[in-house]
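Here's the letter readout for the chains.
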Amino acid sequence: MFATIIAIPSRCNAVAFSTRRRSIRPRCGGSVTGGFQVSEQLLPLPSRVASFYSTGFVSATAEIDSPSLVTSVRLVTDAVSLLSTANFAASRLGLDPTLNRFHAPIVNHERYSFNGWPPNHTFPMDKFDRTAHALTTTCKATHPNSSNLPRPLVRTPEHFFRPLDVPDVPRRWLAAPTGPIDSDFLDRFLSAGLSEEERRIIGFREQTSRPELIERTVLEVSGTVLACQLAAEHGIASNVAGGTHHAHSSGGAGYTILNDLAVAANFITDEVLNGGTVRGVRTALVIDCDVHQGDGTAKFGDLGDGRLATLSLHCASNYPQDKAKSTYDVGLPDGMKDDEYMEVLEESVNRAFDEVQPGFVLYDAGVDVFAGDKLGRLKLTEEGIRRRDRWVLERCVSEGLPVVAVVGGGYDKDIDALARRHAIVHEECAFVW
């Protein structure tokens, strides 16, 4: 089997790419000659994973109680490939961005959410599916009090780009030495072998070993990587999941297991690893506007050679109690409202841009800054969240920087209301694009 890499017509050439409203001179570009032959090798893991359903997600060998039951998780183990800048690591293409008059490229996978999640769990696992639903249904006719869209932003689910399925995700993206995640931790997670204490710190406890959770965790990382390839080509892209910023290289925390931001930053700054799909990016800047500090991302440091910088704007009194050291940490007081927040945001981002001179931005657009969020302590309105997202995206575009937006945190018993809140950043990507 070969990893699935699908080509679509390029919206830009080696000189510049354009959003709908402006031309941007990229800090990536060029081309790579040749084809690709990515041989898949199965990853044998000492696994306790049960057989998954008919998609074939669990498919390699394992040492388990029943020798007749052969199950495990596999990842492509050798993924150095020659990919032109018109190629994307997608299992299905979305609406061609060169023809799309409605929105920037959006990445989604139908298994970001899954059935059977405990209904009273604090983490709203269904929010990803509901966000995709909101993007395909919300308009003035369906939500006259909150939407001015004459039609839904995304006309059909087939317009989403779909990331690689788990069997086709290159292990090299994730695991050391080429990826940023400790290989032992990755293998134990994929084989449902984390300890009870590790599962407790993550917050999912016994759910952590479910094949569905293992799958969706890898899928959202794959989705952010795909969004990076799309943004490098088209300026802006977003993922309906992602923002797993509490996870560090050797463990998860705070409802996050594999840090998609660190994996993506490592990917876009390593042209051998990304196969030339993203070029010329020396440093990726994470702008983390989740209400909680991005402590896990901060613990990756600069990826060893200045390739990652982190800016975290967070409620100072909120989780985690023991803060990590980001490149820039901006602790905000409880109860901060829209105008004060925007003043601090603008000052902080401008400073980071001036000092870091990034070549790419990863934007964590967490909506747990909302006044009504049950795990937040700030007081932003939904209009304030929209102002925030638009300003960050506009600022990136004004600097000629490709930007990827991920949804980050958000907690509300009304999942549909939460989903519409998460949809804001995708709407603002469309506006800026």
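Residues numbered from 1 in each chain as written. Predicted model: local features only at pLDDT ≥ 70, side-chain atom pairs only at ≥ 80, totals over all residues. Heavy atoms only, no water.

Colleague: I'd like a rundown of the pairing of strand 12 (residues 360-364), residues and numbers included.
Modeller: Judged by how many residues are buried, strand 12 sits mostly within the fold: five of five residues are covered. Of the two faces of strand 12, the one lined by Phe360, Leu362 and Asp364 and the one lined by Val361 and Tyr363 are each fully buried. Here five bridges tie strand 9 (residues 284-288) to strand 12, and the two strands are oriented parallel to one another. Considered in strand 12, the bridge of leucine 285 is made with valine 361. Once the chain exits strand 12 it traverses helix 9 (residues 382-398) before rejoining the sheet at strand 13 (residues 403-406), and the crossover so formed is right-handed. (Buried < 20%, exposed > 50% of the residue type's maximum accessible area, 1.4 Å probe, protein only. Helix = DSSP H or I, 4+ residues; strand = E, 2+ residues; numbered from the N terminus. Pairing = 2+ DSSP bridges. Right-handed = clockwise from strand over helix to strand, strands pointing away.)

Colleague: I'd like to hear about the environment of alanine 324, residue by residue, with values.
Modeller: Looking at where alanine 324 falls in the secondary structure, it is placed in the loop between strand 10 (308-315) and strand 11 (328-332). When its relative accessible area of 17% is taken as the criterion, alanine 324 is described as buried. Residues alanine 324 and glutamine 293, spaced 31 residues apart in sequence, show a C-alpha to C-alpha distance of 8.1 Å. Every residue in contact with alanine 324, bar those within four places of it in the chain, is listed here: Gln293, Asp295, Ala298, Lys299 and Asp329. (Contact = heavy atoms within 4.5 Å.)

Colleague: Give a detailed account of the sheet that holds strand 11, specifying residues and quantitative values.
Modeller: A sheet is described by the order of its strands in space; here seven strands give the open sequence 6-8-13-12-9-10-11, paired in parallel fashion. The sheet terminates laterally at strand 6 (106-107) and strand 11, the two strands that pair on one side only. Against the sheet, helix 6 (residues 260-268) touches strand 9, strand 10, strand 12 and strand 13, its axis set at about 170 degrees to strand 12. Sheet strands in contact with helix 10 (residues 415-432) are strand 6, strand 8 (236-239), strand 12 and strand 13, and its direction is about 170 degrees off that of strand 8. (Axes fitted to C-alpha atoms, helices over the stretch in contact; angles between N-to-C directions.)

Colleague: Give a description of the nonpolar core that names residues and reports values.
Modeller: Within the largest apolar cluster, 72 residues are counted, with the highest numbers of intra-cluster contacts made by Trp173, Ile257, Leu258, Phe360, Leu362 and Val404. Considering every element that reaches this core, the biggest residue donor is helix 5 (residues 211-234), with twelve residues. Apart from the residues within four sequence positions on either side, tryptophan 173 is in contact with Ala89, Leu164, Gly179, Pro180, Ser222, Val225, Val263, Asn266, Phe267 and Leu273. Membership of the second largest hydrophobic core comes to 44 residues, among which are Leu332, Ala365, Leu378 and Leu393. (Core = buried A, V, L, I, M, F, W, Y, C linked by side-chain atoms within 4.5 Å.)

Colleague: Talk me through the pattern of salt bridges; I want residue IDs and the actual numbers.
Modeller: Inspection of every chain in the model, using the stated rule, returns 24 salt bridges. Arginine 162 is the partner of aspartate 165 in a salt bridge, and the nearest nitrogen-oxygen pair spans 3.1 Å. With a shortest N-O distance of 3.0 Å, arginine 188 and aspartate 184 are connected by a salt bridge. With arginine 188 and aspartate 184 both in helix 3 (residues 183-190) and four residues apart, the pair spans about one turn of that helix. It is possible to trace a salt-bridge network through shared partners that takes in Glu110, Arg111, Arg162, Asp165 and Glu215. (Salt bridge = Lys/Arg side-chain N within 4 Å of Asp/Glu carboxyl O.)

Colleague: Account for the confidence of the model for the protein, with residues named and values stated.
Modeller: Mean pLDDT over the protein works out to 84, with 80% of the residues at or above the 70 mark. Note on residues 21-73: pLDDT under 50 across the span, and 152 contacts to partners over four residues away in sequence or across chains. Here residues 77-86 is modelled with pLDDT under 50, and outside its nearest four sequence neighbours on either side it reaches 39 contacts, counting other chains as well. (pLDDT = per-residue confidence, 0-100.)

Colleague: Which residues make up the layout of surface pockets, and what values do they have?
Modeller: If you add up the space inside the largest pocket, you get close to 580 Å³. Ser147, Asn148, Leu149, Arg386 and Glu427 are the residues nearest the centre of the largest pocket, which is lined by 24 residues in total. Those elements that place two or more of their residues in the lining of the largest pocket are helix 9 and helix 10. If one sorts the elements of the lining of the largest pocket by residue count, helix 10 sits on top with eight residues. Empty space within the second largest pocket amounts to approximately 360 Å³. Take the lining of the second largest pocket: its biggest share by element is four residues, from helix 5. Here the lining of the second largest pocket is composed, by residue class, of twelve nonpolar, 13 polar and five charged. (1 Å grid on protein atoms, 1.4 Å probe; cavity = no way out; pocket = protein on both sides within 12 Å on 5 of 7 lines; lining within 4 Å. Points joined across faces, edges and corners; volume = space filled by probe spheres on them. Nonpolar A, V, L, I, M, F, W, Y, C, P; charged D, E, K, R; others polar.)

Colleague: If you had to explain the packing of helix 8 (residues 338-356) against helix 9 to someone new, which residues and values would you point to?
Modeller: Where helix 8 contacts helix 9, the two axes come as close as 10 Å, and the packing angle between them is 20 degrees. With respect to their mutual orientation, helix 8 and helix 9 come out roughly parallel. Pair helix 8 / helix 9 crosses with right-handed handedness. On the side of helix 8, the interface is formed by Asp338, Asp339, Tyr341, Met342, Leu345, Glu346, Val349, Asn350 and Phe353, while helix 9 contributes Gly384, Arg387, Arg388, Trp391, Val392, Arg395 and Cys396. (Parallel < 35°, antiparallel > 145°, perpendicular 65-115°, else oblique. Left-handed = near helix turned anticlockwise from the far one by under 90°.)

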